[in-house]
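Results of the structural survey
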Amino acid sequence: MIAENIKRINSTLPAEVRLVAVSKFNPVESIMEAYNAGQRLFGESHAQELVPKAESLPKDIQWHFIGHLQTNKVKYIAPYVSCIESVDSLKLLKEIDRQAFRCGRVINCLLQFHVAVEDTKYGFSVGECRDMLSCDEFKALKNISITGVMGMASVSNDETQITREFTEVANIFSMLKNEFFNRNETFKEISMGMTHDYPIAVKCGATLIRVGSGIFGERMYLNK
Ligand SMILES: *Cc1c(COP(=O)(O)O)cnc(C)c1O
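Read on for a plain summary of the structure. (Residues numbered from 1 in each chain as written. Predicted model: local features only at pLDDT ≥ 70, side-chain atom pairs only at ≥ 80, totals over all residues. Heavy atoms only, no water.)

**Considering the pairing of strand S4 (residues 81-87)**
- With seven of seven residues buried, S4 lies mostly within the body of the structure.
- Where strand S3 (residues 62-65) meets S4, three bridges bridge the pair, whose relative direction is parallel. Residue pairing in the sheet places His64 in a bridge with Cys83 of S4. (Buried < 20%, exposed > 50% of the residue type's maximum accessible area, 1.4 Å probe, protein only. Helix = DSSP H or I, 4+ residues; strand = E, 2+ residues; numbered from the N terminus. Pairing = 2+ DSSP bridges.)

Printed below as a string of structure tokens:
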């Protein structure tokens, strides 16, 4: 099932779009099924889940952290993540930089933007992000690399609205590229689209899509 889902989704994606298999709440056995089908890029949204999985699973897996990240959790995930997709403040970015330095590495980061109608979603506004990218404190960070942007659309069945929100993310990417990352080849990712809206995200220019239940089935939120 998992292998077929991955093949089916990949067969619909343009070559330049990569699939992040969102494995949160799913056991290592399911991740290994995806791995054996060739999947190497996985997304997790909780530090306490990512760390044991990263320690026990094959080392050629790339882990993207996609959930809201508290600064006090950065130290746990810093050795394992290949990208933190959910950067939403300078404070968080400074802590990622500090922990990346301690690990002797550079951590790729995406800037998350708030484009949905729900206030519950996290992310920068364009103004806040511009201020950050212009400030000296940001420019001093040496152990992070900003590789693109991330966004989530509203929970909605209204395709027009979702299209508008993903288009906004893509426009923010282009604007930041022009203003701040013009000669920076590494600033290239637009992460948007989940199980229910990734086809729209791909049409709007996504380079990374984050699909969980469409691969692993509906998540069981067990009372642990
Ligand atoms: C859980 C999650 C996903 C995947 O959601 P599905 O609807 O299961 O595909 C994608 N992005 C983020 C940030 C998530 O937390």
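**Notes on the packing of aromatic side chains**
- Within the structure shown, the criterion is met by four aromatic pairs.
- Measuring from ring centre to ring centre gives 6.1 Å for Phe113 and Phe124, while their planes differ by 45°; the resulting arrangement is tilted. Of this pair, Phe113 sits in strand S5 (residues 107-113) while Phe124 sits in the loop between S5 and helix H6 (126-134), placing them 11 residues apart in sequence. Taken as a pair, Phe113 and Phe124 share a single burial class, namely buried.
- The structure contains a cluster of three or more aromatic residues connected by ring pairs, namely Phe173, Phe181 and Phe187.
- Over the face of the ring belonging to Tyr35 we find Arg40, whose NZ or CZ atom lies 3.5 Å from the ring centre. (Phe/Tyr/Trp six-rings, centres within 6.5 Å; stacked < 30°, edge-to-face > 60°. Lys NZ or Arg CZ within 6 Å of the ring centre and 35° of its normal.)

**Topic: the site of the ligand**
- Every residue close to the ligand is listed here: Val22, Lys24, Ile66, Met152, Met194, Thr195, Arg210, Val211, Gly212, Ser213 and Arg219.
- Contact between the ligand and Arg210: a nitrogen atom at 2.9 Å from a side-chain N or O atom of the residue.
- The backbone of Ser213 places a nitrogen or oxygen atom 2.8 Å from an oxygen atom of the ligand.
- Each residue belonging to the shell around the ligand can be placed in one class, and the counts come to five nonpolar, three polar and three charged. (Near = heavy atom within 4 Å. Polar contact = N/O pair within 3.5 Å; in protein donor to acceptor, adjacent residues only side chain to side chain. Nonpolar A, V, L, I, M, F, W, Y, C, P; charged D, E, K, R; others polar.)

**Observations regarding the environment of Asn108**
- Here Asn108 shows up in strand S5.
- For Asn108, a relative accessible area of 30% puts it in the partly exposed group.
- Once the C-alpha coordinates of Asn108 and Ile146 are considered, the two residues, 38 residues apart in sequence, prove to be 5.9 Å apart.
- With sequence-adjacent residues up to four places away left out, Asn108 is seen in contact with Ser82, Cys83, Ile84, Ser145 and Thr147. (Contact = heavy atoms within 4.5 Å.)

**Some points on the nonpolar core**
- Counting 67 residues, the largest nonpolar core has Leu111, Leu176 and Ile209 as the members making the most contacts within it.
- In terms of residues, this core owes the most to one element, helix H8 (residues 159-180), which gives seven residues.
- Discounting chain neighbours no more than four positions away, the residues touching Ile209 are Ile9, Leu13, Val17, Arg18, Leu19, Val20, Met192, Gly193, Tyr198 and Val202. (Core = buried A, V, L, I, M, F, W, Y, C linked by side-chain atoms within 4.5 Å.)

**Observations concerning the packing of H6 against H8**
- Between H6 and H8, whose axes approach to 12 Å, the crossing angle comes to 25°. What the angle tells us is that H6 and H8 run roughly parallel. Every pair of crossing elements has a handedness; the one defined by H6 and H8 is right-handed. In this structure, H6 uses Val126, Cys129, Arg130, Leu133 and Ser134 to contact H8, whose residues at the interface are Ile172, Met175, Leu176, Glu179 and Phe180.
- Split into classes, the residues belonging to the contact of H6 with H8 amount to seven nonpolar, one polar and two charged. (Axes fitted to C-alpha atoms, helices over the stretch in contact; angles between N-to-C directions. Parallel < 35°, antiparallel > 145°, perpendicular 65-115°, else oblique. Left-handed = near helix turned anticlockwise from the far one by under 90°.)

**Comments concerning H6**
- Those residues of H6 that sit buried are Cys129, Met132 and Leu133. Summarising the axial view, the buried residues of H6 lie within an arc of 95°, below the 170-degree limit, and thus occupy one face.
- Buried-residue contacts for H6 involve helix H5 (90-102), S5, helix H7 (136-139) and H8. (Arc of directions from axis to C-beta.)

**A look at helix H1 (residues 2-12)**
- Among all positions in H1, only Ile2, Ala3, Asn5, Ile6 and Ile9 are buried. The arc that holds the buried residues of H1, viewed along the axis, is 160°, so those residues lie on one side. Exposed positions of H1 whose direction lies more than 90 degrees from the buried face are Glu4, Lys7 and Ser11.
- Tucked into the core, H1 has its buried residues touching strand S1 (18-22), helix H2 (28-36), helix H9 (198-203), strand S8 (208-211) and helix H10 (213-216).

By themselves these figures say nothing about function.
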